[in-house]
Protein chains: 2
Amino acid sequence: MRRTKIKELIAQGEIGSKVNVKGWVRTFRNNQFIAINDGSTINNIQAVVDFQNTDENLLKRITTGAAISVDGEIHESMGKGQRIEIKAESIEILGDADPEEYPLQPKKHSLEFLREKAHLRPRTNTISAVMRVRHHLAYGIHKFFNDKGFAYMHTPVITASDAEGAGETFRVTTMDLDNPARTEEGKLDFSKDFFAKETNLTVSGQLEAEVGAMSLGEVYTFGPTFRAENSNTTRHLAEFWMIEPEMAFYNLKDNMDLVEEMLKYLINYAMEHCADDLAFLDQRYAQEQKSKPQAERSELGLLDRLKFVVENEFERLTYSEAIDVLLNSKMHKKKKFKYTVEWGIDLQSEHERYLVEKEYKKPVILTDYPKDIKAFYMKQNEDGKTVGAMDVLFPGIGEIVGGSERETDYDKLVQRMVEMDVPQEDLWWYLELRKFGTAPHSGFGLGFERLILFVTGMGNIRDVIPFPRFPQSAEF
Amino acid sequence: MRRTKIKELIAQGEIGSKVNVKGWVRTFRNNQFIAINDGSTINNIQAVVDFQNTDENLLKRITTGAAISVDGEIHESMGKGQRIEIKAESIEILGDADPEEYPLQPKKHSLEFLREKAHLRPRTNTISAVMRVRHHLAYGIHKFFNDKGFAYMHTPVITASDAEGAGETFRVTTMDLDNPARTEEGKLDFSKDFFAKETNLTVSGQLEAEVGAMSLGEVYTFGPTFRAENSNTTRHLAEFWMIEPEMAFYNLKDNMDLVEEMLKYLINYAMEHCADDLAFLDQRYAQEQKSKPQAERSELGLLDRLKFVVENEFERLTYSEAIDVLLNSKMHKKKKFKYTVEWGIDLQSEHERYLVEKEYKKPVILTDYPKDIKAFYMKQNEDGKTVGAMDVLFPGIGEIVGGSERETDYDKLVQRMVEMDVPQEDLWWYLELRKFGTAPHSGFGLGFERLILFVTGMGNIRDVIPFPRFPQSAEF
């Protein structure tokens, strides 16, 4: 008999019809009720066993974690919260899970423990829900841009320049570490390395995406990016996925409109396509909040927060205006900020959270930052002090998107590269984009895992990617 | 005025309406006819200039490669092959392109030359068409799997084991190459490296995808993979993108059905969504064929070949049957094969091409290969000699997909790992999938660039990825 997925069965299974389901045993109660999950949905299907007429050895092998195949008939269920169940007619054990050894028993495991079992944790409610949400958000991103006529562009992972100066990079090499090729003078001889030069893992696909914008018009990347920073936080990974749209003929206003539309679209998309998973994560979030001290609790539940973002306009103000707001705040006047507030500072997390969570209580887009705290490629404003940057700040997350209009003036760009020590020789091609048919263009970068954190309400970025990479850890 | 994309304009622009278009000048004829392209389509829009009433300095700046913005009115076009044109009312130069310096003049450039100009080449008809097809194929892949309920899974790019033994790998490190950390005995001390162990770039996400299959049921990866092989061919890249679906409860037959359905879906999807680009590439392919010696010419045109694949069942036979077919062929009997044909050999390109292009004249799925030429994780057949592998062979491309049913028996898997020198300690988690709730499962890997080669008819894999990586080359 053809297997029916549990998601389909729960939605459409007709009373009286014969079905086959396959999946993993979540629980087996009273030698009678098997809760089976196959990963297609967070919901289990209950199979009811006629234990009096079932071989005892078979019954013993129906344990948490075992893979089984059940043929049976769909009956109306008397159980709470389930429309149907399966009256099992035959059960086959596909793979045992010795209860003495299987690590995931039907009890609450800590997320820390589950990280050590990353090969099994997507069999839990929480992690499977997060991974399904991750899928739908990824698909939503592709759908959003495809429907708008953007081209998906694969920018290179291995690059010869840490072009953005965005942080520490990982070296990529085939040289023998124990005895690398050296020149006669004893220096490392990278002409003998695989690419005949020094290479590293990309920190951003933006500069290459600009090539796409200056030819195909509107493009986006969605690929892995890397930072070799020794950050052991709940917000940083050494390997994470970024989405970087880049659009010809967009100014900063167009850029802001696009990012706001995109974020609302994605949150709506998740609410529409992951209702069951988000309902579960909403409950989980509520329980987690209860265990926190009153002052740290979120004012809104997870789903409420998502709806709130979708239904409200993002607040848009300049960096300079934001500094004024901070300076006029009670927090500042009562000297409650840990870090000094003055024009020119890189805003700290406490400042961003104040703006988002206290002052405006919604997502905020800050624009026109001081040029000295932003990257060389951002468009210089006429005031000579600021650049056409934009950061999107989200409640609980902080910066979720960073973007800008790009500098298109060849001379201004070169001048900024000189001032900021960005090597021109590696970026000859990037400079040539300003020499041959330059045009206004803008773009931004969205950290995919930070978006997932926001949508799922999870607290640690290591729990929203299948196999997290961070200092000292590249297991699996 | 809001900019209208040229694709939209050509499809829906109404005679008499006022529009703004922005894009790059492809040609400017007779001081009068500007062909503008904005990357949204392979088609240009013609803007007609009233040169007698236009500033001469402006006219001089309308050169190939310049970015311009044109306001004007849509008129019916007298020109061939175009429904409409724009009567320009005002023209703004957004970015000049000095004709003395701009490398892409309106003449035929070789693909080799364009590779050196990878930052400009998507402004050409051929490369822009290929990149749009690449986008639509990528989107088609996501849509195909999403619609079937598969979850997209991001498997790690940085891994601690070359698990598959699939080839040479790139090392990833933050150690100082000039003076790496060493133990007291003078050995390299990887405990001081970023991940506290040796790490490399992944050659395949399959083993991690199996984790997904054994929990979420049906998953697929779509990410970059790497081979540090010194291959300077038209079919190999050091960095390329792979799609690796992995499905619980699928046997080899299910696997074959899925891959055939997927490939047909994708080719149909491209024909439906890239009609203009494929029509151009079809012509390009036909011209290229003409320049070849008669014997090397393809019997079918590009579009004919795509239709042929979609409309015919793939031929399915076992490796052993294929060896018999080869042994009984005239090619063999006349000793025209360069390499020996006998049971046990790894089929050479000439053998695969004979089967696909001469014997069956359609895609072929070969199954049940000798275990000694296949990977350790493939399901061992009962004959003790073969494994449940499948390779999909395409005309002109050779192997486009490799896959198998996976070994689920713990002991058989361990035995094969021992025989093939695969380290068990790195793969403890992979082995545990067979210990806890194992289930039949299968999967395959599709090389994305090889699919693009097939669909676009391009001859060199370096021309179907924006920035190719190969030995001695990591430019851009």
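It should be emphasised that the depicted structure is a prediction, and the values quoted were computed from it without experimental measurement. Sequence order sets the numbering: in each chain, residues are counted from 1 along the sequence as written. In the order they appear in the text, chains get letters beginning with A and ligands get numbers beginning with 1. Whole-chain, interface and lining totals are the exception, using all residues; otherwise, since this is a predicted model, local features are given only for residues with pLDDT of at least 70 and side-chain atom pairs are given and counted only at 80 or more. To obtain the side-chain values, all non-hydrogen atoms of the structure were included, while hydrogens and water were left out.

1. Observations concerning the domain arrangement of chain A
Residue and element names in this part refer to chain A.
Here comes step 1: Note that domain bounds follow an automatic or database assignment of domains. Domain annotation of chain A identifies domain 1 (6–104) and domain 2 (123–168 + 203–463).
Here comes step 2: Spacing between the C-alpha centres of domain 1 and domain 2 amounts to 44 Å.
Here comes step 3: Across the contact, 10 residues belong to domain 1 and eight residues belong to domain 2.
Here comes step 4: Buried area between domain 1 and domain 2, both sides added, is near 780 Å², and the carbon and sulfur share of it is 46%.
Here comes step 5: Ranking the residues of domain 1 by area buried against domain 2 places Arg26, Ile42 and Leu104 at the top, with a combined share of 60%.
Here comes step 6: Any Lys or Arg side-chain nitrogen located within 4 Å of an Asp or Glu carboxyl oxygen qualifies as a salt bridge. Counting across the interface, domain 1 meets domain 2 through zero salt bridges. We call two residues contacting when some pair of their heavy atoms lies within 4.5 Å. Accessible area that two parts lose when put together, evaluated with a 1.4 Å probe and summed over both, is termed the buried area.

2. Quick look at the interface of chain B and chain A
Here comes step 1: The partner chain A presents 111 residues to the 111 residues of chain B that form the contact.
Here comes step 2: Interface of chain B and chain A: buried area, both sides summed, is about 8,900 Å²; carbon and sulfur atoms make up 64% of it.
Here comes step 3: Three residues stand out in chain B for area buried against chain A, namely B:His154, B:Leu177 and B:Phe436, and they jointly supply 9% of the buried area on that side.
Here comes step 4: Summed over the shared surface of chain B and chain A, the result is eight salt bridges.
Here comes step 5: A salt bridge links B:Lys435 to A:Glu101; the shortest N-O distance between them is 3.4 Å.
Here comes step 6: Pairs of N or O atoms are called polar contacts if they sit within 3.5 Å, as long as, within protein, a hydrogen donor faces a hydrogen acceptor (for residues adjacent in sequence, only side-chain-to-side-chain pairs). Linking chain B with chain A are 44 residue pairs in polar contact (both at pLDDT 80 or more).
Here comes step 7: Numbering of helices and strands runs from the N terminus; a helix is a DSSP stretch of H or I covering at least four residues, while a strand is a stretch of E covering at least two. The element best represented in the side of chain B that touches chain A is helix H4 (residues 125–147) of chain B, accounting for 11 residues.
Here comes step 8: When grouped by side-chain class, the residues that make up the side of chain B that touches chain A number 59 nonpolar, 27 polar and 25 charged.
Here comes step 9: By this definition, two strands are paired if DSSP reports at least two bridges between them. Here strand S8 (residues 171–173) of chain A runs beside strand S8 (residues 171–173) of chain B; their pairing, made up of three bridges, is antiparallel. The residue bridging A:Val172 from the neighbouring strand is B:Val172, located in S8(B). For this classification, the nonpolar set comprises Ala, Val, Leu, Ile, Met, Phe, Trp, Tyr, Cys and Pro, the charged set comprises Asp, Glu, Lys and Arg, and every other residue, Gly included, is treated as polar.

3. Details of the relation of the copies chain B and chain A
Here comes step 1: Expressed as a screw operation, the relation of chain B to chain A combines 0.0 Å of axial shift with a rotation of 180 degrees, fitting to an RMSD of 0.0 Å. The transformation relating the two chain copies, once decomposed into turn and shift, fits a two-fold axis. Rotation axis and chain B: the residue whose C-alpha lies nearest the axis is B:Val172, separated from it by 2.5 Å. To superpose the copies, least squares is applied to the C-alpha atoms of every residue with a pLDDT of at least 70 in both.

4. Observations concerning the sheet that holds strand S4 (residues 67–76) of chain B
All names here are of chain B.
Here comes step 1: The strand order around the closed barrel built from five strands is S1-S2-S3-S5-S4, with neighbouring strands paired in mixed fashion. On average, each strand axis in the sheet is inclined to that of its neighbour by 55 degrees, with strand direction left out of account.
Here comes step 2: When strand S3 (residues 45–48) meets strand S5 (residues 84–95), the two strands line up parallel, connected through two bridges. By the bridge assignment, Ala47 is partnered in S5 with Ile86. Convention adopted: a line fitted to C-alpha atoms gives each axis, helices being fitted over their contacting stretch, and angles between N-to-C directions are expressed from 0 to 180 degrees.

5. Quick look at the packing of aromatic side chains
Here comes step 1: For Phe, Tyr and Trp, where Trp contributes only its six-membered ring, two rings pair if their centres lie within 6.5 Å, and the inter-plane angle classes them as stacked under 30 degrees, edge-to-face over 60, or tilted in between. Inspection of the entire model under this criterion finds 51 aromatic pairs over all chains.
Here comes step 2: Consider the rings of A:Phe145 and A:Phe150, whose centres lie 4.9 Å apart with planes at 50 degrees: the pair is tilted. Note on accessibility: A:Phe145 and A:Phe150 belong to one class, buried.
Here comes step 3: For the ring pair A:Phe476 and B:Trp429, a centre distance of 6.0 Å and an interplane angle of 65 degrees mean the geometry is edge-to-face. For every residue, the accessible area obtained with a 1.4 Å probe (protein chains only) is divided by the maximum for its type, and the residue is called buried under 20%, exposed over 50%, and partly exposed between those limits.

6. A short note on the packing of helix H4 (residues 125–147) of chain A against H4(B)
Here comes step 1: The interhelical angle for the contact between H4(A) and H4(B), taken along N-to-C directions, is 140 degrees, at an axis separation of 11 Å. As summarised for this structure, H4(A) and H4(B) are arranged oblique, according to the angle between their axes. Where H4(A) crosses over H4(B), the two elements pack in a sense that is left-handed. Contact residues: H4(A) offers A:His135, A:His136, A:Tyr139, A:His142, A:Lys143 and A:Asn146, while H4(B) offers B:His135, B:His136, B:Tyr139, B:His142, B:Lys143 and B:Asn146.
Here comes step 2: Here the contact of H4(A) with H4(B) is built from residues that sort into two nonpolar, eight polar and two charged. Each angle is binned into one of four classes, with values under 35 degrees roughly parallel, values over 145 roughly antiparallel, values of 65 to 115 roughly perpendicular, and all other values oblique. Less than a right angle of anticlockwise turn of the near helix away from the far helix marks a crossing as left-handed, whereas a clockwise turn marks it as right-handed.

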